[in-house]
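Residues per chain, in single letters:
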Amino acid sequence: MKKKNAFTLAEVLITLGIIGIVAAMTMPTLIQKNNNRVVETRLMKFYSAINQAIKMAEVDYGDKQYWWEDVKGATIDKDGNPVPGSSEQEKWFNKYLAPYMKILKTEILSDGSFIVYFPDGSALRSSIYTTRDWYFYTGNPDKCMSLGAAGRGTCFFPFYYNPNREDKIAYNANKSFEPWKYAWNGKIEDLKRACYNNTSLGDSSVQGRSYCTALIQLNNWKIPDDYPYKVRY
């Protein structure tokens, strides 16, 4: 009789154990690389889409400096609920930008701010008090908002839009929808230091992680290899 070669149960278990260990070591890295790619793609796609919408609006309404408005979100009633139809931000956005963008739905949040949901799972929310400051969510805005400031530079990224203002907004003045660059002096190393260490620039009280959007943009919309935060969507 010929002897048949086969693995013993112990050998099979050892092999499976080794495979499990290798997978456990490599999966987090692979998952994070995928997260990076998704976030990079959505940031770049949004930046292109919003600025293309502004250009198309200029064809219909003229120079953006004349139709841009700094308006507030919805009024909150005595019961703490936003009053339907009271958001000037919603009216402004729906008139000038929404017609030129692919939008899944819009919503007024409980704090009165205005949020726009896009088909790819990302979203754009206004500041409560102004249409200068905007926050782009790379995915699941509800979950990201629950993180508070910890979500800045990881799952939401600040942008700025005010085509009229100058002073300390030198790198945002007279431009379209751009990543936040308030008080920036033009030096990449200072932008990186502010983002990585969460420190303000100059006499600004702005959270340093607000500058992470600009840092990613200046890196050709790629997450830097030494980026200290784990982005998500």
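The structure displayed is predicted, hence computed values, not measured ones.

Chemist: What should I look at first to understand the state of the cysteines in this one?
Modeler: By definition, a disulfide links the sulfur atoms of two cysteines through a covalent bond. For the structure on display, the rule yields 2 disulfides. In this model, Cys195 is linked to Cys212 through a disulfide, with the two sulfur atoms separated by 2.1 Å. Judged by the sign of its S-S torsion, about 100 degrees, the cystine formed by Cys195 and Cys212 is right-handed. Of the two residues, Cys195 is situated in helix H5 (residues 188–197) and Cys212 in helix H6 (residues 212–218); the sequence distance between them amounts to 17 residues. Across the pair, exposure class does not vary: Cys195 and Cys212 are buried alike. The cystine pairing of the protein, numbering bonded cysteines in sequence order, is 1-2, 3-4.

Chemist: What is the right way to look at the sheet that holds strand S6 (residues 178–179) in this model?
Modeler: In a beta sheet, neighbouring strands are held together by backbone hydrogen bonds and run either parallel or antiparallel to one another. Across the sheet, which stays open at both edges, the 6 strands sit in the order S1-S2-S3-S4-S5-S6 with antiparallel pairing between neighbours. Each edge of the open sheet is held by one strand with a lone partner, namely strand S1 (105–108) and S6. Strands S1, strand S2 (114–117), strand S3 (123–126) and strand S4 (133–137) of the sheet are contacted by helix H3 (residues 88–96), whose axis makes an angle of about 35 degrees with S2.

Chemist: Is there a simple way to explain the pattern of salt bridges in this structure?
Modeler: Where charged atoms of side chains with opposite charge meet at close range, the side chains can pair. Summed over all chains, the structure comprises 8 salt bridges. In this structure, the salt-bridge partner of Glu178 is Lys181, at a minimum N-O distance of 3.5 Å. Under the relative-accessibility criterion, Glu178 is labelled buried at 10%. Ionic pairing is found between Arg193 and Asp190, a salt bridge with its closest N-O pair at 2.6 Å.

Chemist: What is the right way to look at H3 in this model?
Modeler: Residues three or four positions apart in an α-helix share a direction because the helix packs 3.6 residues into each turn. All of the buried residues along H3 are Gln89, Glu90, Trp92, Phe93 and Tyr96. The buried residues of H3 occupy one face: seen down the axis, they fall within an arc of 165 degrees. Sitting at the head of H3, Ser87 places a side-chain oxygen 3.4 Å from the backbone nitrogen of Gln89.

Chemist: Would you take a moment to explain the nonpolar core for this structure?
Modeler: Here is a general trend for soluble globular proteins: nonpolar side chains tend to be buried in one another's company. Among the nonpolar cores identified, the biggest contains 47 residues, and Trp92, Phe93, Leu97, Phe159, Phe177 and Tyr227 are the most heavily contacted of them. Among the elements that make up this core, the one with the highest residue count is helix H1 (residues 9–61) (8 residues). If we skip the residues at most four places from it in the chain, Leu97 touches Ile50, Ala53, Ile54, Trp67 and Trp92. Core analysis: the next-biggest nonpolar cluster, separate from the first, contains 9 residues, Tyr117, Ala123, Tyr135 and Tyr137 among them.

Chemist: Explanation requested: the environment of Tyr47 in the structure shown.
Modeler: Tracing the sequence through the fold places Tyr47 in helix H1. When the C-alpha atoms of Tyr47 and Pro179 are compared, they prove to be 8.8 Å apart, with 132 residues separating the residues in sequence. Those residues in contact with Tyr47, other than ones at most four positions away along the chain, are Phe159, Phe177, Glu178, Pro179, Gln217 and Trp221. There is a polar contact of 3.4 Å between the side chain of Tyr47 and the side chain of Gln217.

Chemist: Help me out: how do you make sense of H5 in this one?
Modeler: Within H5, burial applies to Asp190, Leu191, Ala194, Cys195 and Tyr196. Those residues of H5 that are buried lie in contact with H6. Residue Asn198 follows H5 closely and has a positive phi angle near 55 degrees.

Chemist: Explain the confidence of the model for the protein here, please?
Modeler: Do not read the predicted coordinates in detail wherever pLDDT is low. With 88% of its residues at a pLDDT of at least 70, the protein reaches an overall mean of 89. H1 is the least confidently modelled element of the protein, averaging 86 in pLDDT, while S3 averages 97, the highest of any element.

Chemist: Can you help me understand unusual backbone geometry in this one?
Modeler: With the exception of glycine, most residues fall at negative phi, and the peptide bonds are largely trans. Even without a glycine there, the phi angle at Ala183 is positive, about 65 degrees. Position of Ala183 relative to the elements: it lies in the loop between S6 and H5. Of the residues examined, Ala183 reaches a relative accessible area of 22% and is grouped as partly exposed. Phi at Trp221 is positive, roughly 60 degrees, even though this residue is not glycine. Classification of Trp221 as buried rests on a relative accessible area of 9%.

The rules behind these values
Residues numbered from 1 in each chain as written. Predicted model: local features only at pLDDT ≥ 70, side-chain atom pairs only at ≥ 80, totals over all residues. Heavy atoms only, no water. Disulfide = S-S within 2.5 Å. Helix = DSSP H or I, 4+ residues; strand = E, 2+ residues; numbered from the N terminus. Buried < 20%, exposed > 50% of the residue type's maximum accessible area, 1.4 Å probe, protein only. Pairing = 2+ DSSP bridges. Contact = heavy atoms within 4.5 Å. Axes fitted to C-alpha atoms, helices over the stretch in contact; angles between N-to-C directions. Salt bridge = Lys/Arg side-chain N within 4 Å of Asp/Glu carboxyl O. Arc of directions from axis to C-beta. Polar contact = N/O pair within 3.5 Å; in protein donor to acceptor, adjacent residues only side chain to side chain. Core = buried A, V, L, I, M, F, W, Y, C linked by side-chain atoms within 4.5 Å. pLDDT = per-residue confidence, 0-100.

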